Amino acid sequence: MTIQRLDPEHRMSEAVIYNQTIYYTSVPENLDADAFAQTENALAVIDRILARVGSDKSKVLDATIFITDHANFAAMNQAWDAWVSPGNAPVRCTVLAGLMNPDYKVEIKIIAAL
């Protein structure tokens, strides 16, 4: 089976597809926003990459959400709950972590079927 790397660079690829599965990590683009808006933005970025490869959020199998402050958990969940495909919720965990960019309030890693 072939491994397909989208927009590969020296350090990382935008996404990787293998065995009809896409691996992707989304970070927000709106770094001045609050946790709710950053989560909405990171999820919209996921929507774009999934559409680019012919998939959608109903095919997300697994999500790991990294947040930088426990106080942002409710806001992140509010954005997530509005986005997640009804009846197709993936396996999910949320991790409290220090992210490399201090302006990130959330980062979302997904695995999805094509």
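Nothing here was measured: the structure is a model prediction, and the numbers come from that model.

Participant: Teacher, can you tell me more about the pairing of strand 6 (residues 106-113) here?
Facilitator: Along any regular strand, the residues point their side chains to alternate faces of the sheet. Where strand 3 (residues 21-26) meets strand 6, 6 bridges bridge the pair, whose relative direction is antiparallel. Note on strand 6: the bridge partner recorded for threonine 21 is alanine 113.

Participant: Got a minute to help me understand the side chain of serine 55 in this structure?
Facilitator: The residue serine 55 is located in the loop between helix 1 (35-52) and strand 4 (60-67) in this model. For serine 55, a relative accessible area of 8% puts it in the buried group. If sequence neighbours within four positions are ignored, serine 55 has contacts with Leu50, Ala113 and Leu114.

Participant: Would you mind going over the layout of surface pockets with me for this structure?
Facilitator: Rolled over the atoms, a probe as big as a water molecule pinpoints where empty space is left. Its volume calculated, the largest pocket comes out at about 320 Å³. Lining the largest pocket are 17 residues, with Met12, Glu14, Tyr24, Thr25 and Ser26 positioned closest to its centre. Looking at the lining of the largest pocket, the elements with two or more residues in it are strand 2 (15-18), strand 3, helix 1 and strand 6. For the lining of the largest pocket, the leading source of residues is strand 3, giving 4 residues. Tallied by class, the residues present in the lining of the largest pocket amount to 9 nonpolar, 3 polar and 5 charged.

Participant: Sorry, what's going on with helix 2 (residues 73-83) here?
Facilitator: Owing to its 3.6 residues per turn, the α-helix brings residues three or four apart onto one side. All of the buried residues in helix 2 are Met76, Asn77, Ala79, Trp80 and Trp83. For helix 2, the angular spread of the buried residues around the axis is 165°, confining them to a single face. Opposite the buried face of helix 2, by more than 90 degrees, sit the exposed residues Ala74, Gln78, Asp81 and Ala82. The elements touched by buried residues of helix 2 are helix 1, strand 4, strand 5 (91-96) and strand 6.

Rules of the game
All residue numbers refer to positions counted from 1 along the written sequence of the respective chain. The predicted origin of the model limits local features to residues at a pLDDT of at least 70 and limits the giving and counting of side-chain atom pairs to 80 or more, whereas totals for whole chains, interfaces and linings rest on all residues. Values reported for side chains reflect all heavy atoms of the structure, with hydrogen atoms and water molecules removed beforehand. A strand pair is defined by DSSP finding two or more bridges across the two strands. A run of DSSP states H or I qualifies as a helix once it reaches four residues; a run of E qualifies as a strand once it reaches two. Both are numbered from the N-terminal end. For the exposure calls, accessible area comes from a 1.4 Å probe over protein chains only, and a residue counts as buried if that area is under 20% of its type's maximum, exposed if over 50%, partly exposed in between. Pairs of residues are marked as contacts when any of their non-hydrogen atoms sit within 4.5 Å. For cavity detection a 1 Å grid was placed over the protein atoms alone, and a set of points counts as a cavity when a 1.4 Å probe fits there but cannot get out; an open set counts as a pocket when protein lies on both sides within 12 Å along at least five of seven lines, with lining residues being those that have an atom within 4 Å of a point. Grid points are joined across faces, edges and corners, and a volume is the space filled by probe spheres set on the points. Only Asp, Glu, Lys and Arg are considered charged in this grouping, and only Ala, Val, Leu, Ile, Met, Phe, Trp, Tyr, Cys and Pro are considered nonpolar; every other residue, Gly among them, is considered polar. Directions pointing from the helix axis toward each C-beta atom define the arc.

By themselves, these are just geometric observations and shouldn't be taken as functional.
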